[in-house]
Amino acid sequence: MKGYKCRFCGLKNDHMQMKCYSKPTGEYNKNGTEKMARKYVHLKCDEEYKNNEAFKEKELKELDELFTYLKKLHRIDTLDGRMMEKIQDLRNGTVVFNKKKIKRYKEGVPFRDILYTYEINETYINETLSNMVFAAKWNEFSYVFAIVINNINDSIGAASNKETVMNRREAIIDNNLVDQTSYSMDETAKYNNNKKDVLDISEFL
Ligand SMILES: [Zn+2]
């Protein structure tokens, strides 16, 4: 019996109990049919798998927005590895203990709250940047990052509250008065408790 590895739990199982996700690869077989990329997920794992995929997609979108903002702020084409590491450590809640990093996954500050902190401190950051000379972009980045860390507690949850307000406004415009307050931080908390989050951060970069 041929087994497929479940993309969610990693265990192999008979394909009859699994759901197949397939998408075209853009490459073709010799007979002209398109090659398909297939992923298998246990039927019992499917709901959690889909939630996890949606979460990863949302994370990627928020990370992309933050990177776009940072590249503009620092007038750089790309963030180097050290810069990305700082961002990811803050997002994951990674701590240093006895000079060793204790890795966590998505237990720190959400990307949108990091971005929000940059945004609300932008005037101060720009003033600081225009008054100082840095040896390299890395020094500039670290200096500003420290400002953001100092102000981050004021911003945690603020971005999602802002989003909730915007969602509510849109809902009202649509004459669809759905209560959206339940958005907030629930989904983040849910994933913090998910012990299956063993993905490497490189999956997002
Ligand atoms: Zn599974």
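Conventions used here
Residues numbered from 1 in each chain as written. Predicted model: local features only at pLDDT ≥ 70, side-chain atom pairs only at ≥ 80, totals over all residues. Helix = DSSP H or I, 4+ residues; strand = E, 2+ residues; numbered from the N terminus. Buried ≥ 20, exposed ≤ 12 C-beta atoms within 10 Å, placed from the backbone. Contact = placed C-beta atoms within 7 Å. Core = buried A, V, L, I, M, F, W, Y, C linked by C-beta atoms within 7 Å. pLDDT = per-residue confidence, 0-100. Pairing = 2+ DSSP bridges.

In the nomenclature of an unreviewed UniProt entry, the protein chain corresponds to Recombinase zinc beta ribbon domain-containing protein from the organism Bacillus altitudinis.

Q: How would you sum up the overall build of the protein chain? Please name residues and give values.
A: A count of helices and strands for the protein chain gives 7 helices and 6 strands. What you see in the protein chain, going N to C, is helices and strands ordered as β-β-β-β-α-α-β-β-α-α-α-α-α. Expressed as a percentage of its 205 residues, the buried residues of the protein chain come to 15%. Long-range pairs, those at least 24 residues apart, make up 51% of the contacts in the protein chain between residues at least 6 apart in sequence.

Q: Kindly report on helix α3 (residues 111-120), identifying the contributing residues and their values.
A: In terms of residue burial, α3 counts as a mostly covered element, since 8 of its 10 residues are buried. Listed as buried for α3 are Phe111, Arg112, Asp113, Ile114, Leu115, Tyr116, Thr117 and Tyr118.

Q: Residues and numbers for the nonpolar core, please.
A: Membership of the largest hydrophobic core comes to 14 residues, with the highest contact counts inside it found for Leu66, Phe111, Ile114, Leu115, Tyr118, Val144 and Val148. Listing elements by their share of this core, those giving two or more residues are α1 (46-74), α3 and α5 (137-151). Beyond its immediate chain neighbours, meaning those up to four positions away, leucine 115 contacts Glu65, Leu66 and Tyr69. If you look at the next biggest cluster of nonpolar residues, it comprises 7 residues, including Met18, Tyr40, Val41 and Cys45.

Q: Describe the confidence of the model for the protein chain, and please don't skip the residues or the numbers.
A: Note: predicted coordinates in regions of low pLDDT should not be interpreted at a detailed level. Of all residues in the protein chain, 73% have pLDDT values of 70 or greater, and the mean over the chain is 80. When mean pLDDT is compared element by element in the protein chain, α1 scores highest at 96, while helix α7 (residues 186-192) scores lowest at 42.

Q: Mind laying out the pairing of strand β4 (residues 34-42), listing which residues take part and the relevant values?
A: Here strand β3 (residues 18-28) runs beside β4; their pairing, made up of 8 bridges, is antiparallel. By the bridge assignment for β4, lysine 23 is matched with alanine 37. Taking the residues between adjacent antiparallel strands as the criterion, β3 and β4 are bridged by 5 residues, where glycine 32 takes a positive phi near 95°.

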